[in-house]
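Topology and contacts: notes
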Amino acid sequence: MTSPELTHPVPPTRLDDEEVANLEEVWTDRPGLYGFLATVDHKRIATRYIVSAFFFFALAGVGALMMRTQLALPENRLLGPDFYRQVFTVHGTTMMFIFAVPVMQAVGLYLVPLMIGTRNVAFPRLNALGFWVYLIGSLLLWVSFFMNTGPDAGWFSYVPLAGPEYGPGKRSDVWAQTITFTEISAIISAIEIIVTVFKQRAPGMTLNRVPLFVWAMVVTSFMVLFAMPTVATASAMLALDRLVGTHFFNVAEGGDPLLWQHLFWFFGHPEVYIIFIPATGLISSMLPALTRREVFGYPLILMALVGTAFMSFGLWVHHMFAAGIPMLGGSFFTAASVMIAIPTGVQIFCWIATIWTGRPRLTVAMHYLLGFFFIFVIGGMTGVMIASVPLDWQLHDSFFIVAHFHYVLIGGAVFPLLGAVHHWFPKVTGRMMSEKLGRIAFWFTFAGMNITFFPMHFLGIYGMPRRVYTYLDGLGWNGLNLTATIGSYILAVGVLLFVFNAVRSRLAGAPASADPWGADTLEWATSSPPPSYAFANIPIVHGRSPMWTREPGEGAVTGLDSKESLDEQQRMTLITSVIDARPDGRHKDPNPTILPMLAGLAIGGALIACLFTPWGLPIGSVLVLIPLLLWGYPHKPAAEAEVE
Amino acid sequence: MTDAFGRQAALIERLWWPTLWVLTAIYIAVMIALAYAMLRRRHVDEVKSEVRTARWVGAAIAGTVVILFAYFISDLFTARAIAGIERKDGVTIEVTGLQWWWRVEYSDSVPERRLTTANEIHIPVGRPVRIITSSADVIHSFWIRELHGKRDLIPGDKSEFWLRADSAGVFRGQCAEFCGLEHAKMALVVVAEPEAQFQAWYDRQLSAARVPPVAVTRADSLIRSGHDVFVTKACVMCHTIRGTTAGSSIGPDLTHLASRRMIAAGTRTNTRGNLAGWVVDPQGIKPGALMPPNNLTPAELEALISFLESLK
């Protein structure tokens, strides 16, 4: 292991000034609105993805505050049952489908290409399409909610409550269609990441040198590819039951409500790990900079990631223990649910070992990582408790579960994410976030989170079920509920301070150097913020910590941007082999175009029209076909050349 | 988890406490390790031994595996003990969930001794009780935490489970699966009482309502006219009162309404005032409930409530 003192902020540029200027011209988007809408730059798209996800996070957070305000007092009449059920459904749907999964994928779409030393994602236009589809789907949900057509059967939409008989109107249709949108964008992002990582790594970055965050995103992406089709099937079946009159879930015609639960949770449990695994990747990739050593146990952590991914598909039934499953089946899923604690434990131990043997420094990002340990491990412990069938019979669908998964998701995903924002903010914006304000925001967030959710464990044990819009006086729940409500306001102050800090630092933060933390991965090799072409010279990788093993004046890839390609205004990325990352050739990166946005609008229009008329499908298909035909219309063949 | 009155809940509680303490101890150990890792003094020329670190990590993983395995085994034994209840001489009760109340049907080999009631279940202490679960609309979940964990009531999917109360008590249960608008106000009362008391209650519940044939006192005449209000207004469309012409099963059976502790599925105590408030304006108490508001004159209301209060 080499100490980080040997780092070099910016690698020596091999291209001369004229060539760099050419690169700049070829890669940079046109100014103005058209350039904004037509961009296929993964950095710009990922940034607006992240900003949108945080925007919806804030909206869903306001929903949470409304719920907590309603529950502050027994038999409070602030929100009626009808509004309350929409609020908690939209809160859950937003947090899971519109915030947590997309924001992690978006951070991946920003960081992965930079971490592996390439200039763009594999299919940049598809990437742009993914964002537009995501945005339209998210707006569909929230606009519907503001029009009192928000889904109202819970984020899990159990039938028959969400079926045609007990959920009339468009509310559950909006839910099913929102899911369709987010499935499309999630699958697109997954494909982007897998192909980018397997084919575009910088030379020398063999698979055993890939940064752990990148690995985490690859594992997550494969999980998305296997989990999302299940919920796509389920939501399509629900939509058919509701709109066309099929009977998949209709008991009277031989349908089965439990079928829905199996399909939903076969997706729904991996979903939790789809959110959590990227967060573990963020931790593994921040710790080297924060402890000034490589992460302890790279192979162990990697095996834990892959193991978690496989196991996460084998424990969905633990959401259904109370449905009355046979004992042998229950035992199997208990075993699987208990077992998945092992790889998570492995990661926790490796990180503690990293801190133990490193030289930690207490940046704001480190605060959030320590907060992660404090909170997430509680969530892990309660998770072990509810893996047991008998204990789950008592705790299931009570406020204990609300406490459990907020500890897991806020601790396990939001805290690492907020830490990551502090950590990578200088890279993305070129400005440092205020550490002082960051600490204050952290302590509000940390205290608020615990004051809100810790009392909920007791509420659940004392018998308070989930998803109730009110409760009676005299059941012993008043004090705990009021405490939780106060905590939620403290948490909100923390989040507001965080947002304020981000906005203020974006406008007037201290300028950041290329590598302010002395970190080890390649994104710190380029300037902050990175230029549109990311790297003038694609670096060559010699180890797991390329920034720490870099020699002065060492080689970089040449010949990628030959004079001839620059003259033709072509953008080039380097293609390398899957396992060893040997240069395979170069690939012309597509130019910016507005077609992905038009295709996104067409898909969005078609899916929304389907809510109201079956004609949405045929007419929408034709509308979608037009931009796709233009998109695929053959241009003159791209130049093929060998990389020297 | 904390106040077990029944065999099943006691078994779960027996698994709960050691689980809680062991996991809390592990949590504290992890936090201490983390704090030490952060705060320990570092020598300038410290030689870090990756091998020694690996041993510690390996030991921690091994410990995790052992503890989780032990936990899994105790979970298996608990689950089997819960299922392995003595089933001789059991009481069979079919509980059906409806938006937003509970239909309760006691079965008996003698047809005349079958009993239908609602929202309040009596069980004899010490005897096993078989609960058959079913739902008439959406999914509900039956949960009396002092006696047992939850069991979902799923339409089209009748299933059964057993429980046994080991000491007497009155318990509040609440629907635990989101079932629509008034999920929050779908509660029930379970009374565990000694066998003799249970039998007396059961026999009383079997009897039909008695409307005084002739009104001798003013009270009798109130009850009689209350009965007339009941069978001529909307009430009769949904409710049954055995012994009268009211025989619909859309809403709860009210034959012995006055004997129940709560009204509106555990939402209000069964007092005269609450009952009157509920009859006149159910939507004010449970917005979205399927019971319509009733426009009654004060005289009609007073008579009706007197009648309902006579249904002991």
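Residues numbered from 1 in each chain as written. Chains lettered and ligands numbered in written order. Predicted model: local features only at pLDDT ≥ 70, side-chain atom pairs only at ≥ 80, totals over all residues. Heavy atoms only, no water.

Once that is clear, we can look at the interface of chain B and chain A. Listed as interface residues are 73 residues of chain B and, on the opposing side, 78 residues of chain A. Both faces considered, chain B and chain A share a buried interface measuring about 6700 Å² in area, 72% of it formed by carbon and sulfur atoms. In this structure, the connection of chain B to chain A is made through four salt bridges. One salt bridge connects Glu75(A) with Arg268(B), and the closest N-O pair in it is separated by 2.9 Å. At the boundary of chain B and chain A, one finds 23 residue pairs in polar contact (both at pLDDT 80 or more). Residue assignment for the side of chain B that touches chain A shows that the elements contributing at least two residues are α1 (7-39), α2 (50-83), β7 (151-153) and β9 (169-174) of chain B. (Contact = heavy atoms within 4.5 Å. Buried area = accessible area lost by both parts, 1.4 Å probe. Salt bridge = Lys/Arg side-chain N within 4 Å of Asp/Glu carboxyl O. Polar contact = N/O pair within 3.5 Å; in protein donor to acceptor, adjacent residues only side chain to side chain. Helix = DSSP H or I, 4+ residues; strand = E, 2+ residues; numbered from the N terminus.)

When pLDDT is averaged along chain B, the result is 94; 100% of the residues meet or exceed 70. Here the prediction assigns the complex a pTM of 0.95, and the interface score ipTM is 0.96. (pLDDT = per-residue confidence, 0-100.)

Residues and elements named next belong to chain B. The mixed open sheet is built from five strands, whose spatial order is β3-β2-β1-β5-β8. Of all strands in the sheet, those with a lone pairing partner are β3 (115-118) and β8 (159-164), marking the two edges. Mean inter-strand twist for the sheet, computed between neighbouring axes without regard to direction, equals 25°. Pairing analysis gives four bridges linking strand β2 (residues 101-106) to β3, with the strands arranged antiparallel. When the bridges of β3 are listed, Arg103 appears paired with Ala118. Packed on one face of the sheet, helix α3 (residues 195-206) meets β1 (91-98), β2 and β3 and runs near 95° to β3. (Pairing = 2+ DSSP bridges. Axes fitted to C-alpha atoms, helices over the stretch in contact; angles between N-to-C directions.)

Residue and element names in this part refer to chain A. Here helix α4 (residues 81-115) contains 35 residues, and its C-alpha end-to-end distance of 48 Å stays within 8% of the 51 Å for a straight helix at 1.5 Å per residue. Thr94 marks the point of greatest bend in α4, at about 35°. Judged by how many residues are buried, α4 sits mostly within the fold: 33 of 35 residues are covered. Positive backbone phi, at 75°, marks Gly117, one or two positions downstream of α4. (Expected span 1.5 Å × (residues − 1). Bend = angle between axes of the 7 residues up to and from the residue. Buried < 20%, exposed > 50% of the residue type's maximum accessible area, 1.4 Å probe, protein only.)

All names here are of chain B. Here we have three strands laid out as an open sheet, ordered β4-β10-β9, and mixed in their pairing. In this open sheet, the two strands that pair with only one neighbour each are β4 (120-124) and β9. The average angle at which neighbouring strand axes cross in this sheet is 20°, direction not considered. Of the pairings in the sheet, the one linking β9 to strand β10 (residues 187-193) comprises six bridges and is antiparallel in character. Residue pairing in the sheet places Gly173 in a bridge with Leu188 of β10. Where α3 meets the sheet, its contacts fall on β4 and β10, and the angle it forms with β4 comes to roughly 140°.

This part is about helix α6 (residues 272-280) of chain B. Residues and elements named next belong to chain B. Buried within α6 are the following residues: Leu275, Ala276, Trp278 and Val279. Viewed end-on, α6 has its buried residues packed into an arc of 165°, placing them on one side of the element. Among the structural elements, β11 (262-263), α7 (282-285) and α8 (298-309) are those in contact with the buried residues of α6. (Arc of directions from axis to C-beta.)

Ranked by size, the top nonpolar core spans 266 residues in total, and within it Phe99(A), Leu282(A), Ile93(B), Tyr106(B), Ile121(B), Ile123(B) and Phe142(B) carry the most contacts. The leading source of residues in this core is α4(A), at 21 residues. Ignoring any residue separated from it by four or fewer positions in sequence, one finds Leu282(A) in contact with Met104(A), Val107(A), Leu111(A), Phe213(A), Pro416(A), Leu417(A), Ala420(A) and Trp424(A). Core analysis: the next-biggest nonpolar cluster, separate from the first, contains 27 residues, Ala209(B), Val211(B), Ile223(B) and Trp278(B) among them. (Core = buried A, V, L, I, M, F, W, Y, C linked by side-chain atoms within 4.5 Å.)

This part covers the state of the cysteines. Residues and elements named next belong to chain B. Per the stated rule, a full pass over the model turns up zero disulfides over all chains. Cysteine Cys175 remains unbridged, with the sulfur of Cys179 as its closest cysteine sulfur at 3.9 Å. For Cys238, which is in no disulfide, the shortest distance to another cysteine sulfur is to Cys235 and amounts to 9.1 Å. A relative accessible area of 23% places Cys238 in the partly exposed class. (Disulfide = S-S within 2.5 Å.)

In this structure the tally under the stated criterion is 66 aromatic pairs over all chains. With 5.8 Å between their ring centres and 50° between their planes, Trp142(A) and Phe146(A) make a pair best called tilted. Of this pair, Trp142(A) and Phe146(A) both sit in helix α5 (residues 124-146), four residues apart, which is roughly one turn of the helix. Where Phe400(A) meets Trp16(B), the ring centres are 6.3 Å apart and the plane angle is 80°; that geometry is what we call edge-to-face. With Phe400(A) in helix α14 (residues 399-429) and Trp16(B) in helix α1, the pair connects residues from two separate chains. Side by side, Phe400(A) and Trp16(B) carry an identical accessibility label, which is buried. Three or more aromatic residues link up through ring pairs in this structure, and these residues are Phe97(A), Trp155(A), Trp175(A), Phe248(A), Phe249(A), Trp260(A), Phe264(A), Trp265(A) and Phe267(A). (Phe/Tyr/Trp six-rings, centres within 6.5 Å; stacked < 30°, edge-to-face > 60°.)

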